[in-house]
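Topology and contacts: notes
The chain contents come next:
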Amino acid sequence: MSTPEDVPAISLQDLSREYVVRTRRPGRLGRTRGVVRAVDGITLDVAAGESVGFVGANGAGKSTTIKMMTGILQPTGGGLRVLGRSPVPERRQLAREVGVVFGQRSQLWWDLPLRDSYGILAAMHRLTPAQHESRLARLVVGLDLSGFLDRPVRQLSLGQRMRGELAAALLHSPRLVILDEPTIGLDMVSKEGLRRFLRQDRAERGTTLFLTTHDMTDVERLCDRLVVVNSGTVAYDGALDGFREALGAPRELVVDLAEPRREISVPDGVTVMAVEADGIRHRIQFNGGEHKVPALLAHIGAQAEIADLTLGEPAIEDLVREIYARGR
Ligand SMILES: Nc1ncnc2c1ncn2[C@@H]1O[C@H](COP(=O)(O)OP(=O)(O)OP(=O)(O)O)[C@@H](O)[C@H]1O
């Protein structure tokens, strides 16, 4: 018999969604009908327990994909399963096992104290009083909600509200957490607090996380896997660790020698970019997929004593931007 762990948390097969748009053309009567292919054949399996950063430029199709995953929108092509369910017809069952935060949209009751929203949500999810209390206590501590639990939501700052939103999404201990721009508009401290709690909660409960964001630090802190979408299709899908290598982005090794030396030899395919500080500092560029740091250091160390070194990585953010640019 298959267990929940065997079933992919998310399975998208050639998933597509078109929007029909009608535009008025200047000087003409009536409207012209056009079709926008927002999602254009995405195939993706996310295993239970994985954490995926789903990133792309504005208009790449991220929100449309999430709306299909949560049963808000019907696909116009292909298929999908979320926790083994078909999202549109099984939207209510799915809501019991999935927690969702749409950064721009609230699921809290604006005029009620934050605490009361949790009461309503607990009743909707049919939590027992004991389940409600213990989970809320955990969320209040983890997300630092105690200072404003009794304040109406409309009086909360953006950072407080987002913490409140996250608690609302996690109250029923969902197996799958889908977050659309959870840290948008937050200051650094609030962002870090939110990320810290998400990491802890995931470590404790083994949840699957699917996250869209424009902040690559969210992905670096929270995700093992990166999926980059561009014009509705997958442009990169792989481990975050291997991302730089897969793109062939050069890394930089800066070696300080104990004694000055005008030249050092490097293996084929490795470039000495600059020799500085009268021969003490050598800047070396290499491709991480072809050359490994220990072998490079051994090669240089055989010629001269190494006093110090630093290793530079290209920023993930820059690489993602490069993928968008290539896609265009
Ligand atoms: N209701 C709609 N009607 C027509 N076109 C739409 C609709 N919703 C989205 N689109 C178009 O579909 C494409 C994908 O939009 P979507 O919101 O999914 O992108 P996104 O990656 O989430 O962007 P962002 O990062 O800006 O939120 C865009 O070209 C957008 O203009």
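Calculation rules
Residues numbered from 1 in each chain as written. Predicted model: local features only at pLDDT ≥ 70, side-chain atom pairs only at ≥ 80, totals over all residues. UniProt positions renumbered as here; feature names shortened; annotations may be inferred. Domains from an automatic or database assignment. Contact = placed C-beta atoms within 7 Å. Helix = DSSP H or I, 4+ residues; strand = E, 2+ residues; numbered from the N terminus. Nonpolar A, V, L, I, M, F, W, Y, C, P; charged D, E, K, R; others polar. Pairing = 2+ DSSP bridges. Axes fitted to C-alpha atoms, helices over the stretch in contact; angles between N-to-C directions. Expected span 1.5 Å × (residues − 1). Buried ≥ 20, exposed ≤ 12 C-beta atoms within 10 Å, placed from the backbone.

The protein goes by ATP-binding cassette domain-containing protein in an unreviewed UniProt entry, where it is assigned to Tessaracoccus rhinocerotis. Under the UniProt heading Subcellular location (unreviewed entry), the entry covering the protein gives this text: "Cell membrane".

Brief notes about the domain arrangement of the protein
Taken domain by domain, the protein comprises domain 1 (50-75 + 84-244) and domain 2 (249-327). Each of domain 1 and domain 2 has a C-alpha centre, and these two points are 40 Å apart. The interface of domain 1 with domain 2 comprises 11 residues on the first partner and 12 residues on the second. Put simply, the parts of the chain that give the side of domain 1 that touches domain 2 at least two residues each are α7 (216-222), β8 (225-230), β9 (233-239) and α8 (243-247). Classifying every residue of the side of domain 1 that touches domain 2 by side-chain character gives seven nonpolar, two polar and two charged.

Here's the deal with the sheet that holds strand β10 (residues 250-257)
Read from one edge of the open sheet, four strands run β11-β12-β10-β13, paired in antiparallel fashion. Each edge of the sheet is formed by a strand with only one pairing partner; in this case those strands are β11 (271-276) and β13 (306-312). Neighbouring strand axes in the sheet, compared pairwise and without regard to direction, differ in orientation by 20° on average. The pairing of β10 with strand β12 (residues 281-287) spans seven bridges and is antiparallel. Paired with D256 across the bridge in β12 is R281. Packed on one face of the sheet, helix α9 (residues 293-301) meets β10, β12 and β13 and runs near 150° to β13.

With respect to the sheet that holds strand β4 (residues 77-82)
Pairing is antiparallel across the open sheet formed by three strands, whose spatial order is β2-β1-β4. Since the sheet does not close on itself, it has two edges, and those belong to β2 (31-46) and β4, each with one partner. The sheet shows a mean angle of 30° between the axes of neighbouring strands, taken without regard to direction. Where strand β1 (residues 10-24) and β2 come together, 13 bridges link them in antiparallel fashion. When the sheet's bridge partners are listed, E18 is paired in β2 with R37.

What about helix α5 (residues 158-170)?
When the terminal C-alpha atoms of α5 are compared, their 18 Å separation across 13 residues agrees well with the 18 Å that a helix rising 1.5 Å per residue should span. Of all 13 residues in α5, 10 are buried, a share of seventy percent or more. For α5, the set of buried residues is R161, M162, R163, G164, E165, L166, A167, A168, A169 and L170.

Observations regarding the pairing of β12
The pairing of β11 with β12 spans five bridges and is classified as antiparallel. Residue pairing in the sheet places A274 in a bridge with R283 of β12. Hairpin connection of β11 to β12: four residues between the antiparallel strands, including A277 at a positive phi of 50°.

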